[in-house]
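These are the residues of each chain, in order.
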Amino acid sequence: MTTIEYLALPTYKRILYKILAFFVAIPKVIWNFISVTIVRFFTKIGRGIANYFIDTYEIFVGGDWKTRLSYIIMGFGHIYRKSYIKGFLYLLYEIIFIYFMISVGGPAMMRIGSFGYVAQTTYMHPIYGIEVSDFKDDSLLILLNFVISLIFIAILIFLWSVQVRENRQLENLKKIGKRIGDKETVQGLVGKNFHKVLLAFPTFGVVMFTIIPLFLMIIVGFTNYSSTYQNPKELFDWVGAYNFQKLFGLTGDNGYQFAAVFGQILLWTLIWAIFATFTNYFLGMIVAMLINKKGIKLKKLWRTILITTIAVPQFISLLFLSKFLNTDLGAMNVILKNLGLISENIKFFDDGLIAKITIIVVNMWIGIPYTMLMCSGILMNIPQDLYESAKIDGASPIKMYMKITLPYMLFVTGPYLISTFVGNINNFNVIYLLSGGNPVFTNVNGVPLNTEVYGAGQTDLLITWLYKIAMTQATKDYGVASVIGIVVFVVVASISLIFYNRTNAVKNEGDFQ
């Protein structure tokens with residue numbers, strides 16, 4: 001479509017065209033991201049690694065004996081050149097690393113291939129004459145220690161590289177009669193490097209509570225770890241890509257059913273995220289515009305009424321609505337029957353389509369007030385001169401909204417919109433507390449597929465289905481749950497990286513006034 005043809009379209013058709021063009025462009029954006037961004041990233045990484053090795057070799061060849069000895073004994077050059085604090089810290093970490101690897105990390109890395117050799121041995125106690133169990137290898141503990149060992153090794157490589165280059169710097173400074181002692185180190189920590197000290201604590205938290213669990217989840221996805229393996233009484237083992245094949249229906253007796261359910265849940269997760277994000281965003285913006293409009297009376301009252309849903313804890317509201325909209329005992333059906341509006345109970349959570357619509361509507365009720373509050377502050381900052389100029393030029397309210405209000409709001413709230421979309425993909429509370437994922441999937445004969453698909457429901461998101469697989473089922477398959485977690489991670493990471501970098505808030509940050 002040419003520009004002239006586009007401009008000749010009515011406003012609503014332009015909006016539909018832009019929405020359609022947005023979704024049509026997604027595969028192209030993903031392909032460009034994979035073919036260009038990722039290739040450039042790995043090319044840059046490869047060059048960086050090559051330059052690192054070249055630089056390290058040149059430092060070793062050109063350095064003095066103290067710098068060379070620091071390649072083996074971390075911190076030696078610092079201590080010899082009277083930078084004691086850094087030197088002893090580097091040396092302390094090396095000692096801790098060696099102790100950890102000898103006592104814990106090394107054995108775990110040797111056993112990771114089989115997750116241990118013997119889980120437990122049973123023998124007759126020589127004195128009491130009773131059967132006693134002696135636990136040997138714990139597969140889960142071996143896996144955890146293996147992941148921690150990888151983190152320790154990565155930190156060692158980083159610190160080793162830093163102290164080698166600092167040794168070269170200290171050596172060069174000494175040649176011109178200067179040195180960096182403990183006083184300069186402390187001044188740097190509370191001065192120009194103070195941000196590194198502050199960021200050290202959240203970085204440690206990210207490693208402990210995000211990086212390590214993420215690695216564990218990825219590795220567990222390639223094992224047969226489940227509740228049938230009673231740790232530490234039994235060992236689990238590697239199964240390769242079996243869990244991935246099961247998820248995509250490439251193996252198992254009921255593989256096609258499992259793959260079909262996974263596809264429907266993935267599709268519903270994306271549909272839910274789109275509706276939950278954009279309905280709240282645009283309706284919340286419209287409500288904010290109506291309340292802030294000149295001439296509207298009792299503005300504080302309307303705001304107070306709307307934010308009442310925020311004052312009440314969300315889980316209480318959701319549990320109440322779950323009971324209120326119950327098919328058989330819910331007050332909503334009783335009220336509608338008494339008013340003569342219905343003759344049969346509405347299956348709010350017992351019919352797939354109705355349940356999905358109900359969830360989206362309820363989410364609007366609890367989500368619009370948040371967006372309304374956020375948009376109210378932003379709308380007040382839009383220069384009124386723009387609207388006055390537009391009125392003079394004869395622009396209609398819709399035209400001013402499309403050309404002034406919406407672009408301004410998207411510019412400011414673009415990153416928020418993406419984070420909200422990602423958050424809705426993992427919106428556990430609304431789904432689990434409201435519908436519990438119901439109704440369940442059934443086969444062609446109407447028989448529930450509870451066992452075959454781990455109790456998956458038609459309103460389940462990937463995150464709630466993962467929870468059911470790992471926590472609520474009689475047989476908890478942690479391997480399959482981990483694979484679903486990996487899928488969620490890939491979807492969320494792709495959306496975040498691709499679309500965040502394409503928002504005007506990032507690309508044209510300097511244009512914001």
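Scroll up to find the structure.
In this text the structure is predicted, and so the values were computed from the model without any measurement.

> Sorry if this is basic, but what is going on with the overall build of the protein here?
Looking only at helices and strands, the protein features 21 helices and two strands. Computed over C-alpha atoms, the radius of gyration of the protein comes to 30 Å, more than 25% over the 24 Å expected from 2.2 N^0.38 for 513 residues, which places it beyond the range of a compact globule. For the C-alpha atoms alone, the extent of the protein along its principal axes is close to 90 × 80 × 45 Å. Buried positions account for 35% of the 513 residues belonging to the protein. In the protein, once contacts between residues fewer than 6 apart in sequence are set aside, the share between residues at least 24 apart is 64%.

> What's the story with the layout of surface pockets in this structure? I'm lost.
The probe, sized like a water molecule, is rolled over the atoms to show the empty space still left. By volume, the second largest pocket is sized at about 1600 Å³. Lining the second largest pocket are 36 residues, and of these Tyr90, Phe158, Leu159, Lys196 and Ala200 sit closest to its centre. Mapped by element, the contributors of at least two residues to the lining of the second largest pocket are α5 (84-111), α6 (139-175), α7 (182-190) and α8 (194-220). When residues in the lining of the second largest pocket are grouped by element, the largest group, 11 residues, is from α6. Per-class residue counts for the lining of the second largest pocket are 24 nonpolar, seven polar and five charged.

> I would appreciate a short explanation of the side chain of Glu166 in the present structure.
Topologically, Glu166 is positioned in helix α6. By relative accessible area, which is 16% here, Glu166 ends up buried. When neighbours within four sequence positions are excluded, Glu166 is seen to be in contact with His78, Lys86 and Tyr90.

> Whenever I open this one, the environment of Met110 confuses me. Can you help?
Of note, Met110 is situated in helix α5. In this structure, the C-alpha to C-alpha distance between Met110 and Phe146, residues 36 residues apart in sequence, is 9.1 Å.

> I would appreciate a short explanation of the packing of α5 against α6 in the present structure.
Helices that pack against each other are described as a pair by the angle of their axes relative to one another and the distance between those axes. For the pair α5 and α6, interaxial distance at closest approach is 9 Å and the crossing angle is 150°. The orientation of α5 relative to α6 falls into the category roughly antiparallel. Like other packed secondary-structure pairs, α5 and α6 cross with a definite hand, here left-handed. Each residue belonging to the contact of α5 with α6 can be placed in one class, and the counts come to 19 nonpolar, four polar and three charged.

> Can you help me understand a nonpolar patch on the surface in this one?
Residues Ile85, Leu89, Leu92, Ile96, Val186, Leu189, Val190, Phe194 and Leu198 make up a contiguous nonpolar surface patch of about 790 Å² in total accessible area. Among the elements of the structure, α5, α7 and α8 are those that each provide at least two residues to the nonpolar patch. Counting residues per element, the nonpolar patch draws most heavily on α5, which supplies four residues. With respect to the helices and strands, the residue Leu198 is situated in helix α8.

> Please clarify how the nonpolar core should be interpreted in this entry.
The tendency in soluble globular proteins is for nonpolar side chains to be buried as a group. In terms of nonpolar packing, the biggest core is built from 33 residues, with Leu247, Leu462, Trp465 and Ile484 touching the most fellow members. Those elements that provide at least two residues to this core are α9 (242-247), α10 (255-292), α17 (397-425), α19 (462-472) and α20 (478-500). Ranked by residue count, the leading element in this core is α20, at 11 residues. Beyond its immediate sequence surroundings of up to four residues, Leu247 is in contact with Phe258, Ala259, Phe262, Trp465, Val483, Ile484 and Val487. Trp268, Trp272, Leu434 and Leu461 belong to the second-largest nonpolar core, a separate cluster that totals 19 residues.

> Quick question: what am I supposed to make of the packing of aromatic side chains here?
Two descriptors summarise a pair of aromatic rings, namely the distance from one centre to the other and the angle between the planes of the rings. In this structure the tally under the stated criterion is 23 aromatic pairs. When the centroid spacing of 4.8 Å and the interplanar angle of 35° are considered together, the rings of Tyr225 and Tyr478 count as tilted. Taken together, the residues Tyr225 in the loop between α8 and α9 and Tyr478 in helix α20 connect sequence positions 253 residues apart. Its relative accessible area of 14% is what places Tyr225 among the buried residues. The exposure class of Tyr478 is partly exposed, given its relative accessible area of 23%. Seen in terms of ring centroids, Phe258 and Tyr454 are 5.9 Å apart; in terms of plane orientation they differ by 90°. Their pairing is edge-to-face. Taken together, the positions of Phe258 in helix α10 and Tyr454 in the loop between α18 (428-434) and α19 put the pair 196 residues apart, joining distant regions of the chain. Taken together through their ring pairs, the aromatic side chains of Phe115, Tyr225, Phe236, Trp238 and Tyr478 make up a single cluster. Lying across the ring of Phe258, Lys246 places its NZ or CZ 5.8 Å from the centre.

Reading guide: rules and limits
By convention here, each chain's residues receive numbers from 1 onward along its written sequence. Under the rules for a predicted model, residues below a pLDDT of 70 receive no local features and side-chain atom pairs below 80 are neither given nor counted, while totals for whole chains, interfaces and linings still include all residues. With hydrogens and water stripped out, all remaining heavy atoms of the structure feed into the side-chain values. Helix and strand definitions follow DSSP, with helices as H or I runs of at least four residues and strands as E runs of at least two, each counted in order from the N terminus. Put simply, the radius of gyration uses C-alpha atoms, and a globule should come to 2.2 Å times the residue count raised to 0.38. Partly exposed residues are those whose accessible area sits between 20% and 50% of the maximum for their type, while under 20% is buried and over 50% is exposed, using a 1.4 Å probe and protein chains only. Contact criterion: two residues are considered in contact whenever any of their non-hydrogen atoms come within 4.5 Å of each other. Residues are called lining when one of their atoms sits within 4 Å of a cavity or pocket point, these points coming from a 1 Å grid over the protein atoms alone, where a cavity is a set in which a 1.4 Å probe fits but cannot get out and a pocket is an open set with protein on both sides within 12 Å along at least five of seven lines. Grid points are joined across faces, edges and corners, and a volume is the space filled by probe spheres set on the points. Residues are grouped as follows: Ala, Val, Leu, Ile, Met, Phe, Trp, Tyr, Cys and Pro are nonpolar; Asp, Glu, Lys and Arg are charged; every other residue, Gly included, is polar. Think of each axis as a best-fit line through the C-alpha atoms, taken over the contacting stretch in the case of a helix, with angles from 0 to 180 degrees between the N-to-C directions. Orientation is classified from the angle alone, with under 35 degrees giving roughly parallel, over 145 giving roughly antiparallel, 65 to 115 giving roughly perpendicular, and any other angle giving oblique. Handedness of each helix crossing follows the sense of rotation of the near helix against the far helix: counterclockwise by less than a right angle gives left-handed, clockwise gives right-handed. Two joining distances apply to patches: 9 Å for like charges and 5 Å for nonpolar side chains (Val, Leu, Ile, Met, Phe, Trp, Tyr), and every residue must have over 30% relative accessible area and no salt bridge. Here the Shrake-Rupley method, with its probe set to 1.4 Å, supplies the accessible areas, and only the displayed protein chains count as covering residues. One speaks of a salt bridge when a side-chain nitrogen belonging to Lys or Arg is within 4 Å of a carboxyl oxygen belonging to Asp or Glu. Definition of nonpolar core: a set of buried residues of the types Ala, Val, Leu, Ile, Met, Phe, Trp, Tyr and Cys, connected through side-chain atoms within 4.5 Å. Each Phe, Tyr or Trp ring, with Trp reduced to its six-membered ring, pairs with another whose centre is within 6.5 Å; inter-plane angles below 30 degrees give stacked pairs, above 60 give edge-to-face pairs, and intermediate values give tilted ones. Placement of a positive charge over a ring is assigned whenever Lys NZ or Arg CZ falls within 6 Å of the ring centre and within 35 degrees of the normal to the ring plane.

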